[in-house]
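Descriptive structure summary
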Amino acid sequence: MDWTNIIMTLITSGAFTAIYLLGDRKTASVLENVSKTIDQWQGLLKEVKEELAAKTEEYKEGQRQFDAAIAAKDAKIDALYKEISYNRDERDKLSSKVAFLTAYRCKKIGCTQREPPFGSAMDKETNKYNKETNGYNK
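Residues numbered from 1 in each chain as written. Predicted model: local features only at pLDDT ≥ 70, side-chain atom pairs only at ≥ 80, totals over all residues. Heavy atoms only, no water.

1. Focus: the overall build of the protein
To keep it simple, the criterion reads: Runs of E in the DSSP output that reach at least two residues are strands. Runs of H or I that reach at least four are helices, and both are numbered from the N terminus. Three exposure classes are used, based on accessible area relative to the maximum for each residue type with a 1.4 Å probe and protein chains only: buried under 20%, partly exposed in between, and exposed over 50%. Contacts between residues were defined by any pair of non-hydrogen atoms, one from each residue, lying within 4.5 Å. Accessibility throughout is a Shrake-Rupley quantity obtained with a 1.4 Å probe, and a residue counts as covered only by protein chains that appear here.
Each helix and strand in the protein was counted, giving two helices and zero strands. Of all 138 residues assigned to the protein, the portion counted as buried reaches 4%. Long-range pairs, those at least 24 residues apart, make up 3% of the contacts in the protein between residues at least 6 apart in sequence. Split by element, the accessible area of the protein, about 12,700 Å² in all, is 60% carbon and sulfur.

2. Focus on a nonpolar patch on the surface
The test is simple: A patch consists of residues exposed above 30% relative accessible area that lack any salt bridge, with like charges linked at up to 9 Å and nonpolar side chains (Val, Leu, Ile, Met, Phe, Trp, Tyr) linked at up to 5 Å. By definition, a salt bridge exists where a carboxyl oxygen of Asp or Glu is found within 4 Å of a side-chain nitrogen of Lys or Arg.
There is a patch of nonpolar side chains on the surface, built from V30, V34 and I38 and spanning about 230 Å² of accessible area. For V30, a relative accessible area of 44% translates into the label partly exposed.

Next comes the structure, spelled out in structure tokens:
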């Protein structure tokens, strides 16, 4: 038998055709598997994107709540600082008034003639206000 007869026998028996078609079928199944894998990955990607969008929305809502809480606390702090400032001014006015009244406290107790330690605005001789001394006796 020579080689030509052997090759002709293989071709006519369908061995080459079967090998060729088997290769095509294998390639088609590989392509189908790759296609299914791609579809699965795309499905997973879609799920991950949806989950990420939900988490992003949750984060944004949490951030808005946090910012609102911070703004409320800032407003409370500002109000407290205003109250502190007002109370400080009132305390200063009251302490100034106490100092003034302490300095001009009458030496004589239980009398109708007031005599503060720094003198009187009334001149003792004329019983009138003395403008040259700004109300104080020299």
